[in-house]
Amino acid sequence: MKNIILSGIQWSGKGTQANLLLQHFWDKIKYFEAWGMLRTLQSRPNTIGDYIGSLIDHGNAVPDVFMVKLFELFLLSMEEGKGMLLDGFPRKPGETEQFIELMKSYNKEFLWVILDISKEIGIKRLTARWLCKWCGAILNQHLHDIAQCPICQSKDLYQRTDDQMIEKIETRFAWYEELCIPTLAKLEAQGLVRHINGDQPIEKVFEELIKIIGW
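Below is a summary of the structure that appears in this document. Counting restarts for each chain: residues are numbered from 1 in the order of the written sequence. Residue-level local features of this predicted model are given only where pLDDT is at least 70; pairs of side-chain atoms are given and counted only at 80 or more, and the full residue set underlies all totals for whole chains, interfaces and linings. Working from all heavy atoms in the structure, the side-chain values ignore hydrogens and water.

### What about the packing of aromatic side chains?
- Geometry of aromatic contacts follows a simple scheme: Phe, Tyr and Trp rings, the Trp one being its six-membered ring, pair when their centres are within 6.5 Å, and the pair is stacked under 30 degrees between planes, edge-to-face over 60, tilted otherwise. Applying the stated criterion across every chain yields a total of 11 aromatic pairs.
- Centroid distance tyrosine 51 to phenylalanine 66: 6.1 Å. Interplanar angle 50°. Geometry classified as tilted. Placement of the pair is tyrosine 51 in helix α3 (residues 47–57) and phenylalanine 66 in helix α4 (residues 64–76), with a sequence separation of 15 residues.
- Taken together, Phe32, Phe71, Phe74, Phe89, Phe99, Phe110 and Trp112 form an aromatic cluster joined through their ring pairs.
- Only lysine NZ and arginine CZ atoms are considered, and such an atom sits over a ring when it is within 6 Å of the ring centre and within 35 degrees of the ring normal. Positioned above the aromatic ring of tyrosine 158 is the side chain of lysine 133, whose terminal nitrogen or guanidinium carbon lies 5.7 Å from the ring centre. Each helix is a run of DSSP H or I of at least 4 residues and each strand a run of E of at least 2, with the numbering of both proceeding from the N terminus.

Now the structure itself:
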């Protein structure tokens, strides 16, 4: 099985496509979803959970070394014959460099798939995003009934304040273009990157994703 990194700006549809891959290939892949893992650790009343919670609450990024060590633990848990699906990691240049070295040391190849979306679509999606306070599910009011979470049935749904601020969205695009694009360009030159138009309907994106992966 191939090892796949799903990449793209925060609301490009990575989580949606990852869930579709997991539904179809649940017995063939293991999923590393960075934000979900951090959220789980944050919910635990211990030193690590308190540390992560403090970083997130103050808007600070989790250090590269922490994310890389978390991924290495994931690598150690891999079962023979299964592929990896990564979402949300690596992102920053430091993480990416250490990720590549780790993959080399474990003799594992990878393919990086980028979901490209326009700024207009990104704004439309993000301003329609709702989250569940109980299970952390991410919903879109254009696609879901936001009266109740379809995962845990909780009615405690909310929108993040910064999701409604266009200037914050502009800042995220600028961050992605400044930090992520140059790093990915180096991998693209090595033939390790594929692009998919993420503005397309979900089904079309998934169809192209399957073709690229070759599963």
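### Describing the pairing of strand β4 (residues 111–116)
- Categorising residues by exposure relies on relative accessible area from a 1.4 Å probe, with only protein chains included: less than 20% of the type maximum marks a residue as buried, more than 50% marks it as exposed, and the intermediate range marks it as partly exposed. Judged by how many residues are buried, β4 sits mostly within the fold: five of six residues are covered.
- Only when DSSP finds a minimum of two bridges between them are two strands counted as paired. Inspection of the sheet shows strand β1 (residues 4–7) paired to β4 by four bridges, in the parallel sense. Residue serine 7 lies in a different strand from β4, and its bridge partner there is isoleucine 114.

### Looking at the sheet that holds strand β7 (residues 157–158)
- The strand order β6-β5-β7 describes an open sheet built from three strands, whose pairing is antiparallel. Two strands bound the open sheet, and with one partner strand each, they are β6 (138–140) and β7.
- Looking at chain direction, strand β5 (residues 129–132) and β6 are connected through three bridges and run antiparallel. Within β6, the residue paired with leucine 131 across the bridge is isoleucine 138.

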